[in-house]
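Each chain, letter by letter, is given below.
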Amino acid sequence: QMPPGLRIVPKGTGGTKVVYEDDKPSTTWRAAFLKFGHGYHMAVAKWIDGAIHWDSMYEHDVKAGTWKGGDLAAFKDAWIQEFLAKSKHRPRPEADGLLRMTLATADEKTEPDGSVVLVTHPEFGGNVFRFRKVGEHWFIVGIDQ
């Protein structure tokens, strides 16, 4: 237990505030991550679907050898069903807390082409999320587990 008034992170140094809405297109990579995270943790298929650029994710998985090719619609459905099956159906405040901790402990790298790679801490999945701006919006374009 901490004494009153003691903070682990000094006020004003906690990072960038992300302004977004899960039902709208993501204007930052963090917004895409949070949309996906809410979809996953709260089991909302439309948010998972809206956070991922499926053509790019398909290409990434075929190149990585984790998907053997075939129908894009089957690929998309398989991923969404997998995420929904693994969801703990958390309430929003719990999902928000987990996502904040995930971002706070992750390693972030901006690539020369402007894409972003986020490596989450093993306590929060240990996944590698790849983000890219497609048109005016940001999407997840690959997830390595």
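The residue count restarts for each chain, going from 1 along the sequence in the order it is written. Local features in this predicted model are restricted to residues of pLDDT 70 or higher, and side-chain atom pairs are both shown and tallied only at a pLDDT of 80 or more, whereas totals for entire chains, interfaces and linings draw on every residue. Heavy atoms from the whole structure form the basis of all side-chain values; hydrogens and water molecules are not counted.

Participant: Where do I start with helix α5 (residues 92-105) in this structure?
Facilitator: The α-helix advances 3.6 residues per turn, and as a result positions three or four apart in sequence lie on the same side. Relative to the 20 Å expected for 14 residues at 1.5 Å per residue, α5 spans 20 Å between its end C-alpha atoms, a close match to the ideal helical length. Throughout this description, buried means an accessible area under 20% of the type-specific maximum (1.4 Å probe, protein chains only), exposed means over 50%, and partly exposed covers the range between. In this description a helix means any DSSP run of H or I spanning at least four residues, a strand means any run of E spanning at least two, and both kinds are numbered starting from the N terminus. Every buried residue of α5 is listed here: A95, G97, L98, L99 and T102. Packing partners of the buried residues in α5 comprise α1 (29-42). The span expected for a helix works out to 1.5 Å for each residue beyond the first. Here, two residues are considered to be in contact whenever any of their heavy atoms come within 4.5 Å of each other.

Participant: Mind showing me how you'd approach the packing of aromatic side chains here?
Facilitator: Centre distance and the angle of the planes are the two values used to describe a pair of aromatic rings. Two aromatic rings from Phe, Tyr or Trp, using only the six-membered ring of Trp, form a pair when their centres are within 6.5 Å; if the ring planes differ by under 30 degrees the pair is stacked, by over 60 it is edge-to-face, and anything between is tilted. Under the counting rule described, the total for this entry stands at twelve aromatic pairs. Their ring planes at 90° and their centres at 5.2 Å tell us that Y58 and F75 sit as a pair that is edge-to-face. With Y58 in helix α3 (residues 54-64) and F75 in helix α4 (residues 72-86), the pair connects residues that are 17 residues apart, well separated along the chain. Each member of the pair, Y58 together with F75, is buried. Ring-pair connections join several aromatic residues into one group, and the members of that group are W29, F33, F36, Y40, W79, F83, F129 and F131.

Participant: In this structure, what is going on with the environment of S56? I would like to understand it.
Facilitator: Checked against the element boundaries, S56 lands in helix α3. Apart from the residues within four sequence positions on either side, S56 is in contact with R132 and V141. At 2.7 Å, the side chain of S56 and the side chain of H53 are in polar contact. Residues adjacent in sequence count toward polar contacts only when both atoms are side-chain atoms; beyond that, a polar contact is any pair of N or O atoms within 3.5 Å, and within protein one must be able to donate a hydrogen and the other to accept it. At 2.6 Å, the side chain of S56 forms a polar contact with the side chain of R132.

Participant: How should I be thinking about the sheet that holds strand β4 (residues 137-144) in this particular structure?
Facilitator: Paired through their backbone hydrogen bonds, the strands of a sheet run either parallel or antiparallel. Following DSSP output, two strands are said to pair if at least two bridges run between them. Within the open sheet, the four strands sit side by side as β1-β2-β3-β4. Their pairing is antiparallel. On the outer flanks of this sheet lie β1 (107-110) and β4, each paired with one strand and no other. Across this sheet, the average inter-strand angle for adjacent strands is 20°, counted without regard to direction. Both strand β3 (residues 128-134) and β4 contribute to a ladder of seven bridges, which runs antiparallel. The convention used is that axes are lines fitted to C-alpha atoms, helices contributing only their stretch in contact, and that angles between N-to-C directions extend from 0 to 180 degrees.

Participant: In this structure, what is going on with the pairing of β4? I would like to understand it.
Facilitator: Regular strands place their side chains on alternate faces of the sheet. Counting buried positions over the eight residues of β4 gives six, a clear majority of the element. Here β3 folds back onto β4 in antiparallel fashion, the turn holding two residues, of which G135 has a positive phi close to 70°.

Participant: Can you help me understand the environment of P91 in this one?
Facilitator: Tracing the backbone shows P91 in the loop between α4 and α5. The class of P91 is partly exposed, set by a relative accessible area of 46%. For the pair P91 and M42, spaced 49 residues apart in sequence, the C-alpha separation works out to 6.5 Å.

Participant: I would appreciate a short explanation of the pattern of salt bridges in the present structure.
Facilitator: In the sections that follow, a salt bridge refers to a side-chain nitrogen of Lys or Arg positioned within 4 Å of a carboxyl oxygen of Asp or Glu. All told, the structure shown has eight salt bridges when counted by the stated rule. Notably, a salt bridge pairs E82 with K86, separated by 3.2 Å at the nearest N-O pair. Within this pair, E82 and its partner K86 are both found in helix α4, separated by four residues, close to a single helical turn. Residue E82 is classed as partly exposed on the basis of its relative accessible area of 38%. Overlapping salt bridges bring together D22, R92 and D96 as one network.

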